[in-house]
Structure formats: C-alpha cells, structure tokens
Amino acid sequence: MSAAQHMNVAMMTSGGLAPCLSSSVAYLIEFWASALKEGKISGLNIRMYVDGYKGVLTGDSTVISPEIYDECACLHDLGGSPIGNSRVKLTNVKDCMARGFVKEGETPLEVAAQQLIKDDINVIHTIGGDDTNTQAAELSKYILEKHGGKVVVVGMPKTIDNDVYPIVQTFGADTAAEQGAIFFKNVVSESSANPRMLIIHEVMGRDSGYLTAATARKYRDGMKSAKFTGPGFTTTAKSRDIHAVWIPEVSLDIVEEGKRLRKVMDENGCVNVFLSEGAGVEDIVAEMEANGEEVPRDAFGHVSLAKINPGVYFSKRLAELVGAEKTLVQKSGYFARAAASNTFDRQLIKDCAKEGVASAIAGVSGCMGQDEDKAGTPIRAIEFERIKGGKPFSPELPWFKELLADIGM
C-alpha cells in the first residue's frame, strides 16, 4: 500500500474474553493515530464492528471520532471487550441463519464481504483466537477472488490457553494465570471450613494445560513469601499448597491418584487439586454417549465444557477415594479472563500492535506474534496458513517437572 493512502481501518474482537482485548484496541488506535501524525498515511478512519462477526454480518458498527483517539488509553484499565464479543463461524450457515445474522439463501461469507466492501475497509484487525483469525483470512481471500478487492487482515492472537501454532505467547494468557492464582489464594481458605475438605480448582483450558500449569506456578511462587505460625495451628504451608495438577497432556489414573491423595488428606485434613477443564473430557464424553446422552457443542463443534462440568465429574469420584467430608468445586475462568491486561501482556500487545500497524500499511496480512519457527522468535505478521489451534502444553518443561516433583506427583 502507498504511504500516502487514506486508510479505512476496522477492528473487531471475537470468541471468549481474555485479558487483552481492551489493550489491543487501545494500542492499535494509538499506533494508527501516530502513523497519521507522522505522515505515513494521508488520512484515517477507524471503525469498530460491534459484537465481533455478528456486527460484520448485521452492519452494526461505530466510527471513532479522531477527537478521542488520545483518550482511548483509558481502555488499558478495563477488562472485557470495549466493542463486544460473539462466537460466530462464517461457514456455519445454519447457525448464522438461526441467530438471524443472515437470511435464507444468503451465505455468511458473501454478506460479510459485502459489508466490508460497503464500508470501504482497507484493513481489518481481528482480535481473537485461531478460529477468529483464520476466518478473517478466508474472508479476505473470498473478497479478492469473488469481488477483486483487497482487504489486509492483521490479526492479534488472543487466547488464555496459549495454544496457537506457531506463536510463542498469546495475549492474555499470562494475566489469566496471575488472576487465577489470586482467585485461589482466597478460595484455598475454604480448606479450613470443614474437616477433610476437598477443593477442586477448575481452570480453563480445552486442549492445553498451559493455563492450569502456569496458574499453579504463579500461586506457588506467591506462597514462597507467605508466613505461617509454628506448631499448634492446623493451617500450614502444606494445607495451603497444591496437592495435584491435572492437565490433558498428562495421563490420569484417578484410582492411583486417589491412593496418594488419601494420605495427603489424612495428614493435612484437606486436598487441593488444580484441574484443567479439558482433562479427562474424552472419558466424560464417552460415558455420556454410552448412556445415550446428547453431548452439548458450540457453533464451532467444540464440546461445551461449561455444560458437561468436568470439575463436578471428577470431584464426585475423587471425594470417595480420599474420604472427603465436603467437596468444593470453584472455577476461576470467568474471574481470570475478565481482568485487564497485566504489565507483561501490555508490553507484548504493544510490541505486536506497533508491528501490526506497520505491516498493515505495507499491505502484508498475517497474525501478529512471536514466530517460534524463526530464529530469535521475531514479532511479525505470521502467515495465516501456518496459524493453527490445539498446540499442547509441554509437560517436559523443567519448571513444570520441578513443580510436580515438589508436590509429590
């Protein structure tokens, strides 16, 4: 693209929330405004599509006044999305029709393409996970092939699961782990509320155990500075510690774990388990299907974890094995994902937004991130065909192996 071109820039957030959406919007506005001031572009129009792809399909959008560009820095202090989210798959025609986003006989891709063409969009920033960004790439390709137009797509990789190939670190994952640790710091006090207490801390993470592992790490790092009294008190460092970390990447023999944790319960009067919501889902789904039950799924075909409730499933089995008198299942996901970005994530988002705007001006599409397949893991617009979800967490990382050894797993 020419440096003198007037740029019509669009932004949208999509998928589940993560502690990065507001900061991503703020930094993108900041760097686009800077590009205009520095003469890298001749003009600028910034449009926000409301509620993600729903807004693109229904034409629901707002144009941000240049007068408030500088005021948008306040978004850094906010969690959630400042422009709304939704889960919409452009290739799922049936779902889009059922939700009233398209009419019978229309295709979501064509409706979305027509809207971007109508709004004269040159660049669209899609702030979301792998599904959000790969859909945007398909939409851009569709516009080029069917309508001869060009829309540069520059994605911002949002997911607290940190499970996108080939990106080193996705936005919001570090903040979510930090917030999950804060959440459990309070919840663990419930171990003193009843004799033989079992606490299951269910952490978000469909296919990757990253968030569960990282949350456990941050919680235990915080424990290092905690002080406890001497003999005579039942609350100890051991009773406040984590006793098990269950993630999808590590096979689980719940009977053997039950035997180990029974001893922990006998010694400390409580058991605290960090459970990734994706751990053991295959077993739960198999059991539901064997019983003739319908497995709930979302628009993307993913199992609806909130509805099958892995925490409750495992708590019932483990409670009997460890002889728990009372069981408490607590989910930190919504608390953690709704936070504002922490210092680490804000810097990562800032670096990616700066490079993302430069890439967009140069006419280069891609998903911004640290490219783990390139020497030095540079931040760049990674080709969309290389973007893929489902990257597993590595249980062989030294810090995670040390954590498991410390807690006796």
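The sections below set out a description of the structure shown in this document. (Residues numbered from 1 in each chain as written. Predicted model: local features only at pLDDT ≥ 70, side-chain atom pairs only at ≥ 80, totals over all residues. Heavy atoms only, no water.)

Some thoughts on empty space enclosed by the protein
- The final tally for this structure, using the stated rule, is 1 cavity of 30 Å³ or more.
- Considered as a void within the structure, the largest cavity measures approximately 40 Å³ in volume.
- Taken together, Ala 176, Gly 180, Val 203, Met 204, Leu 211, Thr 215, Ser 332, Gly 333 and Ala 336 form the lining of the largest cavity.
- When residues of the lining of the largest cavity are traced back to their parent elements, those giving at least two are helix H6 (173–187), helix H7 (210–223) and helix H12 (333–337). (1 Å grid on protein atoms, 1.4 Å probe; cavity = no way out; pocket = protein on both sides within 12 Å on 5 of 7 lines; lining within 4 Å. Points joined across faces, edges and corners; volume = space filled by probe spheres on them. Helix = DSSP H or I, 4+ residues; strand = E, 2+ residues; numbered from the N terminus.)

Here we look at the nonpolar core
- Residues Trp 32, Ile 46, Met 156 and Val 245 are the most contacted members of the largest nonpolar core, which totals 72 residues.
- Top element by residues in this core is helix H1 (residues 21–37). It accounts for 10 residues.
- Those residues within four positions of Val 245 in sequence are excluded, and the remaining contacts are Thr 212, Ala 216, Phe 274, Phe 400, Leu 403, Leu 404, Ile 407 and Met 409.
- In terms of nonpolar packing, the next biggest core, distinct from the first, is built from 31 residues, Val 102, Leu 116, Val 151 and Phe 384 among them. (Core = buried A, V, L, I, M, F, W, Y, C linked by side-chain atoms within 4.5 Å. Buried < 20%, exposed > 50% of the residue type's maximum accessible area, 1.4 Å probe, protein only. Contact = heavy atoms within 4.5 Å.)

Here we look at the pattern of salt bridges
- A full pass over the atoms with the stated rule returns 18 salt bridges.
- Among the ionic pairs, Arg 380 bridges to Asp 371, the shortest N-O distance being 3.0 Å.
- For Asp 371, a relative accessible area of 0% corresponds to the buried category.
- One salt-bridge network, held together by shared partners, links Asp 371, Asp 373, Arg 380, Glu 383 and Arg 386. (Salt bridge = Lys/Arg side-chain N within 4 Å of Asp/Glu carboxyl O.)

Digging into the packing of aromatic side chains
- This model, assessed by the stated rule, comprises 11 aromatic pairs.
- Ring geometry for Phe 183 versus Phe 335: centroids 5.6 Å apart, planes at 50°, classification tilted. With Phe 183 in helix H6 and Phe 335 in helix H12, the pair connects residues that are 152 residues apart, well separated along the chain.
- Note on Phe 335: relative accessible area 40%, which makes it partly exposed.
- Counting every residue linked through ring pairs, the aromatic cluster contains Tyr 210, Phe 393, Trp 399 and Phe 400.
- Over the face of the ring belonging to Trp 399 we find Arg 217, whose NZ or CZ atom lies 4.4 Å from the ring centre. (Phe/Tyr/Trp six-rings, centres within 6.5 Å; stacked < 30°, edge-to-face > 60°. Lys NZ or Arg CZ within 6 Å of the ring centre and 35° of its normal.)

Focus: the layout of surface pockets
- In this structure, the largest pocket spans a volume of roughly 970 Å³.
- A class-by-class count of the residues in the lining of the largest pocket yields 11 nonpolar, 12 polar and 15 charged.
- Considered as a void within the structure, the second largest pocket measures approximately 370 Å³ in volume.
- What lines the second largest pocket is a set of 17 residues, among which Gly 278, Ala 279, Gly 280, Val 281 and Glu 282 lie closest to the centre.
- Per element, the largest residue contribution to the lining of the second largest pocket is 3 residues, and it comes from helix H9 (residues 281–290).
- A breakdown of the residues in the lining of the second largest pocket according to their chemical character gives 10 nonpolar, 3 polar and 4 charged. (Nonpolar A, V, L, I, M, F, W, Y, C, P; charged D, E, K, R; others polar.)

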